[in-house]
Each structure stands twice: as structure tokens, then as C-alpha cells.
Amino acid sequence: MIKLKVGTSKDEAAAQSLDLSNHFLIAMPTMTDPVFGGTLIYICEHNARGAMGMVLNRPTDMTVADLFERIDLQLEIIPNSHPMGQNPVLFGGPVQSDRGFILHAPAGQYSSTLRVTDEVSFTTSRDILESLAAGEAPQRLLLSIGYAGWGAGQLEQEILANGWLTVPADLGVMFDLPIEERFDAAMKLLGFDPLMLASVAGHA
């Protein structure tokens, strides 16, 4: 538990005690940041040092096959023959936007992996891409360029400022739905009319 400073309000205390790992962040209409406005984010890690996650609904113009060509890997001999080859690579966030990141389920054994839950991991090492090229990687995965990151207390303050709604993540929304349907599907998990978003604050 994070120690609270004297004079911390109840709202601030609640925000500071949050662990939003394996949750969705849904941008509120008040989120006018050009990077994060209208986004749906999966939180991979959240602790006293900050938070990190991946934007799930913002595709780049690069396909998975394009990415593999750039890093000199081939998807099962001919890149475009792989069923995943034409899937878009996501814009995962503005942090380390020159590197690739993989969100996948089920969790596997790779050299640089953050295990979020027993079902979901966030991997940064090339070996998972080599497994994918050989047809051996998890069938449910998302590739991104960059990730979203927050410093200590920053995400909590954005939530208090009515920037985000949160809800436990749903693997089907993440991995099985088309990109353009993920935001609305995540809002439906909240259990209320999305038109009410402007008047609702904080943790759902």
C-alpha cells in the first residue's frame, strides 16, 4: 500500500491505491490530448512507479508483413501468405515509438516478457517474432510500435481530472474484434449509455 501524505483527500487516496493492471482505459470526451483522445488502452503494469500500456484502437499504415520485412524476418517463407500478414501494426503509444511490442495470449516463455496475468503477457524480445515467423507464436497477439507510459501518480491524476474511465479488460474485445469496434465494445462493458460519458467521472 502506498503511504499517503498528510492532507491527502479521499479521492486522491483512492486513486493512489488503484492497481489498474489488466484493465482498459477508455478516453473520456474531456481527454483532448491529440495522442490519447478517443483511445482505448490496455494497462499492462500499474504500481507506485507509474503505469504502462498499449493503445488498442489506433492502427498505423504498416502491416505485420511490412514490419517483418523491415526487421529481415519472413512469415512462413512468403510474408503475405501468412494469415496475420495483412493485419495492421498498432500505434501503441508515444514511448519508444521506434521499437516493436507484442501483447499476446496465452502467455508464453520468451526472453523479455512482462506477465500481466496467467492469460496475457507483454513481450519486447525478438524471439516471439521469430516464433511467429515459424508459425509457433500465440494465435492471439497484437503488434505495436511504441507504448503508452505514465510517471508516478500521473495516471491517477488524469483519472481524478475526469480523463479516463476504467473497466476490467476483456480478452475478446482486445484480440477478437476488429480495431474499429474495440472502443465501443469496451464502453459497453461499463453498463451504461456511452452518451453519458461526459457526465461520469473516475472508476467504473
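Placed above this text is the structure.
My aim in this report is to walk through the structure given alongside it, one point at a time. Everything numeric here is computed off the predicted structure, so don't read it as measured data.

The rules we used
Residues numbered from 1 in each chain as written. Predicted model: local features only at pLDDT ≥ 70, side-chain atom pairs only at ≥ 80, totals over all residues. Heavy atoms only, no water. Helix = DSSP H or I, 4+ residues; strand = E, 2+ residues; numbered from the N terminus. Buried < 20%, exposed > 50% of the residue type's maximum accessible area, 1.4 Å probe, protein only. Areas by Shrake-Rupley, 256 points an atom, 1.4 Å probe, with all protein chains shown as cover. Phe/Tyr/Trp six-rings, centres within 6.5 Å; stacked < 30°, edge-to-face > 60°. Core = buried A, V, L, I, M, F, W, Y, C linked by side-chain atoms within 4.5 Å. Contact = heavy atoms within 4.5 Å. Polar contact = N/O pair within 3.5 Å; in protein donor to acceptor, adjacent residues only side chain to side chain.

## A few points about the overall build of the protein chain
Moving on, step 1. For the protein chain, the helix and strand inventory stands at six helices and ten strands.
Moving on, step 2. The buried share among the 204 residues of the protein chain stands at 45%.
Moving on, step 3. As presented, the protein chain carries roughly 10200 Å² of accessible surface, and 52% of it is formed by carbon and sulfur atoms.

## Describing the packing of aromatic side chains
Moving on, step 1. Throughout the structure, instances matching the rule amount to six aromatic pairs.
Moving on, step 2. With centroids separated by 6.1 Å and ring planes inclined at 65°, the aromatic side chains of Phe36 and Trp164 adopt a geometry described as edge-to-face. Here the residue Phe36 occupies a position in the loop between strand E1 (23-27) and strand E2 (40-47), and Trp164 occupies one in strand E10 (residues 164-168), the gap between them amounting to 128 residues.
Moving on, step 3. By relative accessible area, Phe36 is classed as buried at 10%.
Moving on, step 4. Joined through ring pairs, the aromatic side chains of Phe36, Trp150 and Trp164 make up one cluster.

## Here we look at the environment of Pro168
Moving on, step 1. Along the chain, the position of Pro168 falls in strand E10.
Moving on, step 2. The partly exposed category is assigned to Pro168, whose relative accessible area is 47%.
Moving on, step 3. As for Pro168 and His23, which are separated by 145 residues in sequence, their C-alpha atoms are 4.3 Å apart.

## Comments concerning the nonpolar core
Moving on, step 1. Counting 31 residues, the largest nonpolar core has Phe24, Ile26, Tyr42, Leu56, Leu103 and Met174 as the members making the most contacts within it.
Moving on, step 2. If you list the elements that add at least two residues to this core, you get E1, E2, strand E3 (50-55), strand E6 (95-105), strand E9 (140-150), E10, helix H5 (171-175) and helix H6 (179-188).
Moving on, step 3. The element that contributes the greatest number of residues to this core is H6, accounting for five residues.
Moving on, step 4. Among all residues touching Met174, those that are not within four sequence positions of it are Phe24, Tyr42, Leu56, Leu103, Val120, Leu142 and Arg182.
Moving on, step 5. Met62, Val89, Ile102 and Ile145 belong to the second largest nonpolar core, which has 16 residues in total.

## Quick notes on the environment of His104
Moving on, step 1. With respect to the secondary-structure elements, His104 resides in strand E6.
Moving on, step 2. Here the alpha-carbon distance between His104 and Ala137, two residues 33 residues apart in the chain, equals 9.0 Å.
Moving on, step 3. Setting aside its immediate chain neighbours within four residues, His104 contacts Tyr110, Glu119, Val120, Ser121, Phe122, Thr123, Ile128, Pro138, Arg140, Leu141 and Phe175.
Moving on, step 4. A polar side-chain atom of His104 sits 2.7 Å from a polar atom in the side chain of Thr123.

## Regarding unusual backbone geometry
Moving on, step 1. Each neighbour pair has its own omega, and for Ala105 with Pro106 the value is 0°, a cis peptide bond.
Moving on, step 2. Mapped onto the elements of the fold, Pro106 is located in the loop between E6 and strand E7 (113-115).
Moving on, step 3. Positive phi values are uncommon outside glycine, yet Asn22 reaches one of about 65°.
Moving on, step 4. The residue Asn22 is located in the loop between helix H1 (10-16) and E1 in this model.
Moving on, step 5. With a phi close to 70°, Asn162 is a non-glycine residue in the positive phi region.
Moving on, step 6. Within the secondary structure, Asn162 sits in the loop between helix H4 (154-160) and E10.

## What to know about the side chain of Thr123
Moving on, step 1. Considering the arrangement of structural elements, one finds Thr123 in strand E8 (residues 121-123).
Moving on, step 2. Assessed through its relative accessible area of 0%, Thr123 is described here as buried.
Moving on, step 3. A polar side-chain atom of Thr123 sits 2.7 Å from a polar atom in the side chain of Thr113.
Moving on, step 4. In contact with Thr123, not counting residues within four places along its chain, are Phe101, Ile102, His104, Tyr110, Ser112, Thr113 and Ile128.

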